[in-house]
Each structure stands twice: as C-alpha cells, then as structure tokens.
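# Coordinate inspection notes
Here are the chains, one letter per residue:
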Amino acid sequence: MAYDKFTVLKSTAVPLPIENVDTDQIIPARFLKATERKGFGDNLFRDWRYQDDGSPKRDFILNNPLYQGKILVGGRNFGSGSSREHAAWAIYDYGFRCVISSFFADIFKNNSMNVGILPVQVSGEFLEKIFRAIEADPHTELEVDLPSQKLTILATGEHVSFEINAYKKNNLINGYDDIDYLQAMKTEIASFAANSIYSL
C-alpha cells in the first residue's frame, strides 16, 4: 500500500485560522528540487515557522507545544496558488492526515487525496465552531469518520456531514493511490482483456 489506511481518525488539532493559504506558503519553491516524497515536512510553512537564521518563530502555531495532532484546521481557500503536489507531500510528511477548511482549491484537494490526506470541507459556521472549541481547550479532540462521512467535535457532540468522491473515498479507506487501485483490479482487468472482442 502506498499510504496509511484512513477509516476513523480521532485526534487533537492544530488551528491555522488564516485565509488564502497558498501552496508557496505551505512549501516554498526553493524546496521543490527533491523528487522523493521524503523530508518535505521539515520545511512545511518554512518561512512562517523559522527566522532567516533557522531559529523557530515563537509565535507561529506549529512551534507552540500546546497544539498537537494529526488534524490541521485552516482558513477559507486553503491550498490555492500553483498546482505543486509537494504541498500535499509536506503536510503528509509532517504528520497530518486530515485538513479541515471551509473551501479548498480543487488541485490541492485532489493532490491531498492522492497521497493519503483527507480534506474535509465544512461550512464557514462550523469551521468557526471548531476554531472556538480549540481556542477554549487546545486538547479538544475531533473525530473524522470517513466511512460515515461525519466530522464531530467530541467535547460538544456537534457534528456535520462532508462530501467526498466515492472513488477517492475507497482509495483512502484501503490506503491506495491510483496505481495501487489498478493493481488491486489486475485479475478483473486480465479477465476483461481475455474476453474482449478485440482480443486475438
């Protein structure tokens, strides 16, 4: 399998209430030279996380030990800008398995699902409820139930349904990328080819 299976994730969350976070902010262009999907997490939000001398910026959320977890909660229009898939690689490599926002750029959304990250789009009102819950208690847990397509704030029981493409949902649950999906169907593909009217 290419990635971790995603079924039900229960985790605390890291809040990033900034709108229009683009892919160059997620992973600056100067870090795109590598071809393997490793090490990008070290440079996730690099210019927001570190000073020019490499020391951490104390006021950036990823440098605050109060906020931990496998869920990143972002502002509206998360992942806009260029189509670089490295942005999704960086988020996955850092340890996030789910990103929540009230709107995602389409290319970023698809790139995320291709590498095992679940993008959960909610209403602006529900997003604000999540931010308020985390602000009140950094240890607030969220539960993301992919099979049921439901997101719950466990402290209050408030929940919402979310949409996802059925094909991408199946891949995430099984830990597949597109190639894994085809390999899992190789018996069916071979049978179809053997019985095709075009076979010789």
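Residues numbered from 1 in each chain as written. Predicted model: local features only at pLDDT ≥ 70, side-chain atom pairs only at ≥ 80, totals over all residues. Heavy atoms only, no water.

## Structural notes on the sheet that holds strand S7 (residues 158-161)
Here is the rule: Strands qualify as paired when DSSP identifies two bridges or more between them. Only DSSP runs of H or I reaching four residues or more are called helices, and only runs of E reaching two or more are called strands; each is numbered from the N terminus. Axis lines are fitted to C-alpha atoms, over the contacting stretch for helices. Their N-to-C directions set the angle, which ranges from 0 to 180 degrees.
Read across the open sheet, the seven strands follow the order S4-S3-S2-S1-S5-S6-S7; overall the sheet is mixed. Both edges of this open sheet fall to strand S4 (118-121) and S7, since each of them pairs with a single strand only. Each neighbouring strand pair of the sheet contributes to a mean axis angle of 25°, computed without reference to strand direction. Sheet analysis places strand S3 (residues 98-101) next to S4, joined by four bridges and oriented parallel. When the sheet's bridge partners are listed, Ser 101 is paired in S4 with Gln 121.

## Points about the packing of helix H3 (residues 86-94) against helix H4 (residues 106-114)
The condition that has to hold: Our angle categories are set so that under 35 degrees counts as roughly parallel, over 145 as roughly antiparallel, 65 to 115 as roughly perpendicular, and the remainder as oblique. Take the far helix as the reference: if the near one is turned anticlockwise from it by less than a right angle, the crossing is left-handed, and if turned clockwise, right-handed. Note on definitions: a residue-residue contact is assigned when non-hydrogen atoms from the two residues lie within 4.5 Å. Charged residues are taken to be Asp, Glu, Lys and Arg, nonpolar residues to be Ala, Val, Leu, Ile, Met, Phe, Trp, Tyr, Cys and Pro, and polar residues to be all remaining types, Gly included.
With their axes 8 Å apart at the nearest point, H3 and H4 run at an angle of 45° to one another. Here H4 runs oblique to H3, going by the angle between their axes. Where H3 crosses over H4, the two elements pack in a sense that is right-handed. Residues Ala 87, Ala 88 and Ile 91 of H3 touch H4, and the partners they reach there are Phe 108, Asn 111 and Ser 112. Partitioning the contact of H3 with H4 into residue classes produces four nonpolar, two polar and no charged.

## Side note on helix H6 (residues 166-174)
Keep this limit in mind: Each residue is assigned to one of three classes by its accessible area relative to the maximum for its type, calculated with a 1.4 Å probe on protein chains only: buried under 20%, partly exposed between the two thresholds, exposed over 50%. Throughout, the arc means the angular range of directions from the helix axis out to the C-beta atoms. Whenever a nitrogen or oxygen atom comes within 3.5 Å of another N or O atom, the pair is scored as a polar contact, on the condition that within protein one atom can donate a hydrogen and the other can accept it, and that pairs from neighbouring residues in sequence are kept only if both atoms are in side chains.
Those residues of H6 that sit buried are Lys 168, Lys 169, Asn 171 and Leu 172. Along the long axis of H6, the arc covered by the buried residues comes to 165°, so they all point the same way. If you check the start of H6, you find a side-chain oxygen 2.8 Å away from the backbone N of Tyr 167, and it comes from Asn 165. Where H6 ends, the next residue or the one after it, Gly 175, has phi of about 75°, a positive value.

## A short note on the pattern of salt bridges
Rule in force here: The working definition used for a salt bridge is a side-chain nitrogen of Lys or Arg within 4 Å of a carboxyl oxygen of Asp or Glu.
Scanning the model with the defined rule gives four salt bridges in all. Here Arg 97 ties to Asp 4 by a salt bridge, and the two come within 3.3 Å at their closest N and O atoms. Residue Arg 97 is found in the loop between H3 and S3, and its partner Asp 4 is found in the segment before strand S1 (8-16); the two are separated by 93 residues along the sequence. We classify Arg 97 as buried; its relative accessible area is 15%. Arg 30 is the partner of Asp 47 in a salt bridge, and the nearest nitrogen-oxygen pair spans 2.5 Å. In this pair, Asp 47 is assigned in helix H2 (residues 46-49) and Arg 30 in the loop between helix H1 (23-26) and H2, connecting sequence segments 17 residues apart.

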